[in-house]
Amino acid sequence: NGSRRSGVPERGSSAPGRAAEQLSPSAVNRLLMELLVYFGRAVFVLYPVYLSGYLGFSVTGVLLCMVMVTWWKKNRQGKDTRIGTAIEFVDNESQVVHTELRSALQMASWVQFSEVEKVDWVNKVLGQAWPFFGMYMEKFLKENIQPTVRLSSPALKTFAFTKIHFGHIPPKIKGMKAYTHEVDQREVVLDLDISYLGDVDIDAVVKEPITAGIKGLKLTGMLRIILEPLIGVAPLVGGVTFFFIRRPTLDINWTGATNLLDSPAFSSLSEDAIMDIIASLMVLPNRMCVPLIDQVKVDQMRFPLPRGVVRVHLLEGRDLVAKDTYMMGLVKGKSDPYATLRVGNRHVKSKTIKENLYPKWNEVYEFVVHEAPGQELELELYDEDTDKDDFMGRFNLDFGEVKREKEMDTWFELEGVPHGEVRLKLQWFSLSTNPNLLAEVNQIGHAKNTSSDGLACAMLAVYLDSASNVPFTKRTTAPNSYVELSVASDVQKSKVVYSSKDPVWEEGFTFFVHSVKKQQLNVQIKEHEKKTLLGTLNLPLSRLLNVSNMALDQRFLLERSGANSQIKLKVTLRVLSVEKPPPKVIPQTPPLKEASQTNQGDQLAKPPPPVATSTPTLHASNANPAAHSSGTHSLSGSNGRYAATHRGSMLRTPSPRPASTSPKERRTQRRKRKRRKVWNSVSRAIRNHQGSFGEIHLTIRYTTLRNKLIIVVDSCRNLFPCSENGTDSYVRLYLLPDQSWRHRKKTHVKKRTVNPVFNEKFEFDVLLREVQTRRLDVSVKNNKMFYSRERKDIGMVQIDFADVDILKGVTQWY
């Protein structure tokens, strides 16, 4: 707490370090101060109770006073909320209206995002075809699902569907987005935002007289449909693939004996089990495929090679929310944060940092990316507790941005909490067939990461097709078999195929490889219930380096199995290739010529018109050479534009005061002369100043997901001192040509410093195509002084977005 109050982030340390700190005098003093503060708060809270009893107040009177105080606080809080809402509405009218409409009306995605289209005609087609879909599903459940359920357990041998009705309410597509530029020319990619609130009525007999059933369910998710390959003959599309990019949400209303599953202790378990079944079928990397022509290979449709690999460095967090409180909230503690990261059906958890709001994890994770854009990194932060972990924020990142940037090292703001940020470093690796890159990838990966353990140099993709002549015991006519695949300590299992000596799995798996020459793929076919080994295969990965395209697609003989037992696999090895980020063009600023104009009479010289340049230029008559040589731009003085004018004509001589003025008028004139004197002294100092008026550090980027231009005002340095104590400065932003007070953005005032740190973020609601025609006007101002009504400009800079790649973002000094 001492380090937190002093403004220094508390860093993670080892246990011996903390023990040594507790024995130090500073730690003892801190603990004593915390103890005194606690007792002070306790006395402050409990003393009125003691005093009321000592003075003999009745319980009714005390309760009445408490009710009145509570009513007053609630009324005051409501009033403050209404005033704050009104002020926020005045300042950000369009944003507030948009947010309220989204929350109140629950707008579909086609309303929120312009690239998403409303498809009412598809919903009409679904409504017309829904009864026939119900007929197909009734036949499918009875002929396929019912026999599988009976074979899964001896207790379910009499399982049977007695009623199957999919209702009259079809699924609804709230919006559809089509990808054309980000995908291959021989495919069409569609994203459908599906919402299904159906009146499903399904009953089944588990075992007489036990019944089970479902009556109504709710399913929402994002379904991606891929039409590929596009061909020149009918039906123009070789096949249809569809899957959920992320796990959909499911809510089921159970009937019969399964009503017990509606209780809080069992409902999540049952729905999670069903969601696991859905995920094993049609959540990435699993897909549902429908080939339309014979020439299309099912394995390529069902399990295509991934787009790439993303290495995620979970580095640190800052300014997280404190969730731990003690003594009924009298003592506010910190948090024990940990992070969970999910990509598709893979979920990882970081270590827990004890009692720290500025944790440092420094952990590395690797994820296989199957669809970019589309697939997202879902990060959530929690405070670890003994009973229930507290939520500390979340954010999602589309891997399409990482693929475009190749490498990102950014602070991400957490959503769902008042404040908090997490720093991530993300690297994109493409998949190459060049084995010569193995040594280079290893060297680069180990050099750039904090921990060299667990970093992959290659990725192995395995498509498990089928097996033939699997042995079985005399007691069974055919085995219930599944396959266990492993590379080193990474073990993955396939689904179970019941009662078949020639099982067909058709599943895909991916593994990270750390040493191609030493590691091997181990495949074991096992019996479901007894875990009996039915066959095994060991395939050295070095064998793939010497074959064409680093891939094997064939049948392999099984060891420790039957004489003719075989397994069909497609094994593909790909090297992780580091891609360099696209070069950022930093244009050079042309030298600025000093404007020299002569002023006539005692009128102020007008500033010269701004010069249109191809870069964010500065309008200054005296630029700082050191700043230009170091690759930064100096802040131009707003009054520096008058530097070349005639000095003597800048100041007006006050006219003599008439003798007949009243005392009130004389006091007014004295105040005006005093303000003019202060203004003249500051203006004279600014005009006589030679060199830079300071620099400002800005971060500019555009987020296409939210259609917002984000400007982060980080800090300023070496500002012109407007007084002996420094400068009371703030930053004002306009997105030209909007210059009304509603479109003005400004930071808080930082007092008595020439190196203020703001760290404030501002957002402009503007489309990407409009940003290219806009300019950002940034002014650093001195706050209103005591004797003056004006706010003095220290300097300004204008940035033309036509010359800035805002999609990649830019962070630099101006």
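Residues numbered from 1 in each chain as written. Predicted model: local features only at pLDDT ≥ 70, side-chain atom pairs only at ≥ 80, totals over all residues. Heavy atoms only, no water.

**Describing the pairing of strand β14 (residues 376–383)**
- Bridging between strand β11 (residues 337–343) and β14 involves 6 bridges; their strand directions are antiparallel. Residue pairing for β14: A339 is matched across the bridge by L381.
- Sheet topology note: the β14/strand β15 (residues 390–398) ladder contains 8 bridges and is antiparallel. Along β15, the bridge assignment pairs L379 with F395. (Pairing = 2+ DSSP bridges. Helix = DSSP H or I, 4+ residues; strand = E, 2+ residues; numbered from the N terminus.)

**What about unusual backbone geometry?**
- Look at the link from E228 to P229: it is a cis peptide, with omega at -10 degrees.
- You can see P229 is positioned in the loop between β4 (210–227) and β5 (239–244).
- Following L736, the chain continues to P737 via a peptide bond in cis, the omega torsion being 10 degrees.
- By the element assignment, P737 lies in the loop between β28 (729–736) and β29 (745–746).
- Positive phi outside glycine occurs at D319, with the angle close to 55 degrees.
- On the secondary structure map, D319 appears in the loop between β8 (308–318) and β9 (325–326).
- Judged by relative accessible area, which is 29%, D319 ranks as partly exposed.
- Of note in this structure, S499 is not a glycine but carries a positive phi near 50 degrees.
- Note on placement: S499 falls in the loop between β20 (490–493) and β21 (504–513). (Buried < 20%, exposed > 50% of the residue type's maximum accessible area, 1.4 Å probe, protein only.)

**Some points on the sheet that holds β11**
- With antiparallel pairing, the 4 strands of this open sheet are ordered in space as β12-β11-β14-β15. In this open sheet, the two edge strands, each paired with only one partner strand, are β12 (346–349) and β15. Averaged over all adjacent pairs, the angle separating strand axes in this sheet is 15 degrees, with direction ignored. (Axes fitted to C-alpha atoms, helices over the stretch in contact; angles between N-to-C directions.)

**Brief notes about the environment of I710**
- Assignment of secondary structure puts I710 in strand β27 (residues 708–717).
- Under the relative-accessibility criterion, I710 is labelled buried at 2%.
- It is 6.0 Å that separates the C-alpha atoms of I710 and I700, two residues lying 10 residues apart in sequence.
- If we ignore the near neighbours within four places in the chain, the residues touching I710 are T699, I700, R701, T703, K761, F762 and E763. (Contact = heavy atoms within 4.5 Å.)

**Remarks on the nonpolar core**
- Counting 35 residues, the largest nonpolar core has L460, L485, L521, I525, I567 and L569 as its most contacted members.
- Where this core is concerned, the elements lending two or more residues are α11 (437–448), β18 (458–468), β19 (481–487), β21, β22 (520–527), β23 (533–540), β24 (551–557) and β25 (566–578).
- Sequence-distant contacts of I567, that is, excluding residues within four places in its chain, are made with L464, S466, A467, V523, I525, L537, Q554, R555, F556 and L558.
- Grouped together as the second largest cluster of nonpolar side chains are 34 residues, I353, F367, L377 and V422 included. (Core = buried A, V, L, I, M, F, W, Y, C linked by side-chain atoms within 4.5 Å.)

**Concerning the packing of aromatic side chains**
- On inspection of all chains with the given rule, the structure shows 10 aromatic pairs.
- Summarising the aromatic geometry, the rings of W130 and F133 are spaced 4.8 Å apart at their centres and angled 25 degrees between planes, so their arrangement reads as stacked. Of the two residues, W130 and F133 both sit in helix α7 (residues 120–152), 3 residues apart, roughly one turn of that helix.
- Taking the relative accessible area as the measure of exposure, F133 reaches 35% and is therefore partly exposed. (Phe/Tyr/Trp six-rings, centres within 6.5 Å; stacked < 30°, edge-to-face > 60°.)

**Concerning the sheet that holds β23**
- Taking strand neighbours across the sheet as the criterion, the 4 strands line up as β20-β19-β22-β23 in an open arrangement whose pairing is antiparallel. Strand pairing shows two members of the sheet lacking a second neighbour, β20 and β23, which therefore form its edges. Going across the sheet, the axis of each strand differs from the next one's by a mean of 15 degrees, ignoring polarity.
- Where β19 and β20 come together, 4 bridges link them in antiparallel fashion. Opposite S486, over in β20, you have V491 as the bridge partner.

**As for the UniProt feature "transmembrane region" (unreviewed entry) in the chain**
- Under the feature "transmembrane region" (unreviewed entry), the UniProt entry names residues 55–72 and 225–245.
- The distance separating the terminal C-alpha atoms of residues 55–72 is 25 Å; by composition the span is 78% helix and 0% strand.
- Its end C-alpha atoms 10 Å apart, residues 225–245 is made of 0% helix and 43% strand. (UniProt positions renumbered as here; feature names shortened; annotations may be inferred.)

**Focus: the confidence of the model for the chain**
- Chain-level pLDDT for the chain is 76 on average; 73% of the residues reach the 70-or-more range.
- The low-confidence segment residues 262–269 (pLDDT under 50) makes 7 contacts with residues lying over four places distant or belonging to another chain.
- Predicted confidence is poor over residues 585–634, with pLDDT under 50, and the contacts of this stretch with residues over four places away or in other chains come to 78 contacts. (pLDDT = per-residue confidence, 0-100.)

**Comments concerning the pattern of salt bridges**
- Evaluation of the coordinates by the stated rule reveals 27 salt bridges.
- As a salt-bridge pair, E384 and K349 come within 4.0 Å of each other at their nearest N and O atoms. Within this pair, whereas E384 is found in the loop between β14 and β15, its partner K349 is found in strand β12, the two being separated by 35 residues in sequence.
- Two residues, K708 and E763, come together in a salt bridge whose shortest N-O distance is 4.0 Å. (Salt bridge = Lys/Arg side-chain N within 4 Å of Asp/Glu carboxyl O.)

**Observations concerning a nonpolar patch on the surface**
- Where nonpolar side chains cluster on the molecular surface, the patch consists of V43, Y47, Y50, L51, Y54, L55 and F57 and spans about 810 Å² of accessible area.
- Looking at where L51 falls in the secondary structure, it is placed in helix α3 (residues 25–54). (Patch = residues over 30% accessible without salt bridge, like charges linked within 9 Å, V, L, I, M, F, W, Y side chains within 5 Å. Areas by Shrake-Rupley, 256 points an atom, 1.4 Å probe, with all protein chains shown as cover.)

**Notes on the side chain of T699**
- Along the chain, the position of T699 falls in strand β26 (residues 695–703).
- For T699, a relative accessible area of 14% gives the class buried.
- A polar contact is formed between the side chain of T699 and the side chain of T811, at a distance of 3.3 Å.
- In contact with T699, not counting residues within four places along its chain, are I710, I711, V712, D714, V810 and T811. (Polar contact = N/O pair within 3.5 Å; in protein donor to acceptor, adjacent residues only side chain to side chain.)

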